[in-house]
Amino acid sequence: MACDIQDPFGRAIRYLRVSVTDRCNLRCVYCMPEHGVPYEAPDKLLSVDEIARIVLLLSRHGLAKVRVTGGEPLVRSAEVIDLIGRISAIPQIADIGLTTNGILLERHARALRAAGLKRINISLDTLRRERYARIARMDRFDETIAGLHAAEAAGFSPIKLNMVLMKGINDDEIADFARLTLDHAYHVRFLEYMPIGQVTPHEWRARYLSNDCVLDRLNGEFAMEPIEVDASSTSRRLRIEGASGYVEVISPISHRFCAGCNRLRLTANGALAPCLSDNYEYDLRGPLRAGASDDELLGHIRAAVSHKPVQSDFEGRVNRGGSLRIMAQIGG
Ligand code: SAM
Ligand code: SF4
């Protein structure tokens, strides 16, 4: 379907990431402050009806892909299952995914699958229980692993594992994560640590590691083969020769992938965020709740998209005082 929502640089919006909540049951060091952040009042969060309306409207103008995220989306599990059912019934949406820390997946994996969810990404930054408790600031490793197994049992395939790489924290596990792909059809994804939220330039630089380092280590240890991916993909994909799964590197800092960016984010409190590295947001909840027509809402969406920068600038942002919101609020 032709897409008639485009940014000033001619990039069409085909992918919406929806944060359904700013709440979370973990406090990952790279995402949340230790004592959390003040949560939005529940009535400030978009309802399932409001989110579904925006997705339906966008789907008539070229949207083809949605990812539900948060905060931890499964803290609103009943509503998320309902939302996924509604989105998966929209014929234009070919792809619907969920990003979760996995803690509540054991309970909900089957219902999510039955509702029409196609893809699951589970965040897992370490394979070691004690280390998990330090990174997530909660000792819930076993629940995440049980969630992973429940997702497999429910038939999700491939399952993508998101690992945020941090120098001196988990970079000694690169080979261990890659080895997981030998016998499992997982996509193990190494994400570069982005300076979002309350982090100083110094703190961020002390922990940031380029994914070039991942590639060096993998090439040093395994026979790796490159695998071709779609041109709009944000990741580079590789495989250990003969492995069941893949390794992917997502490198928003060292190798910006903005030229093919087709995404827009909807925050939990109903703002549109055209770029993750930028503080700019456009309030959609106001017009939505003031009774805006579909045409008026579309006008607001176009206005938001007109602010999409040509490319991200994470380093500039952190040097200029950082982002106003943390990742859990924007929707990673
Ligand atoms: N709570 C869910 C989870 O952790 O999967 C979904 C929300 S979380 C904000 C979405 C993704 O963003 C996770 O894979 C997480 O690891 C990643 N993320 C959060 N903060 C990040 C940061 N500063 N740099 C890179 N990735 C980050
Ligand atoms: Fe929560 Fe996900 Fe952020 Fe971790 S990365 S604190 S699980 S929102």
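Residues numbered from 1 in each chain as written. Chains lettered and ligands numbered in written order. Predicted model: local features only at pLDDT ≥ 70, side-chain atom pairs only at ≥ 80, totals over all residues. Heavy atoms only, no water.

Some words on the nonpolar core
How we decide: Only buried residues count toward a nonpolar core, which is a set of Ala, Val, Leu, Ile, Met, Phe, Trp, Tyr and Cys residues joined through side-chain atoms within 4.5 Å. Exposure categories follow from relative accessible area, calculated using a 1.4 Å probe and restricted to protein chains: below 20% of the type maximum is buried, above 50% is exposed, and the middle band is partly exposed. Strands are runs of DSSP state E lasting at least 2 residues, helices are runs of H or I lasting at least 4, and numbering of each runs from the N terminus. Contacts between residues were defined by any pair of non-hydrogen atoms, one from each residue, lying within 4.5 Å.
Membership of the largest hydrophobic core comes to 107 residues, with the highest contact counts inside it found for V55, L112, F190 and I301. Looking at which element gives the most residues to this core, the answer is helix α1 (residues 48-59), with seven residues. Discounting residues that sit within four places of it in the chain, V55 has contacts with L16, L63, V66, I87, I90 and I93.

What about the sheet that holds strand β7 (residues 224-227)?
Inclusion rule: Strand pairing follows a simple DSSP-based rule, namely that at least 2 bridges must link the two strands.
Reading across from one edge, β7-β8-β9-β6-β5-β4-β3-β2-β1-β10-β11-β12 is the order of the twelve strands in this open sheet, with mixed pairing throughout. Every other strand in the sheet has two partners, leaving β7 and β12 (282-283) as the edge strands with one partner each. Of the pairings in the sheet, the one linking strand β1 (residues 15-19) to strand β10 (residues 263-266) comprises four bridges and is parallel in character. Residue V18 lies in a different strand from β10, and its bridge partner there is L266.

Some remarks on the packing of α1 against helix α2 (residues 77-88)
Threshold: Axis lines are fitted to C-alpha atoms, over the contacting stretch for helices. Their N-to-C directions set the angle, which ranges from 0 to 180 degrees. Any angle between 65 and 115 degrees counts as roughly perpendicular, while under 35 counts as roughly parallel, over 145 as roughly antiparallel, and the rest as oblique. A crossing counts as left-handed when the near helix is turned anticlockwise from the far one by less than a right angle, and as right-handed when that turn is clockwise.
Running from N to C, α1 and α2 cross one another at 25°; their axes reach a closest spacing of 10 Å. Judged by the angle between their axes, α1 and α2 are roughly parallel. Handedness of the α1/α2 crossing: right-handed. The residues of α2 that touch α1, namely those facing V48, D49, I51, A52 and V55, are E79, D82, L83, R86 and I87.

Considering the pairing of strand β5 (residues 159-165)
Of all seven residues that make up β5, seven are buried, and the element is covered over most of its length. Residues of β5 alternate between two faces, with I159, L161, M163 and L165 on one and K160, N162 and V164 on the opposite face, all of them buried. The pairing of strand β4 (residues 119-123) with β5 spans four bridges and is classified as parallel. Across the sheet, residue I122 finds its bridge partner in β5, namely L161.

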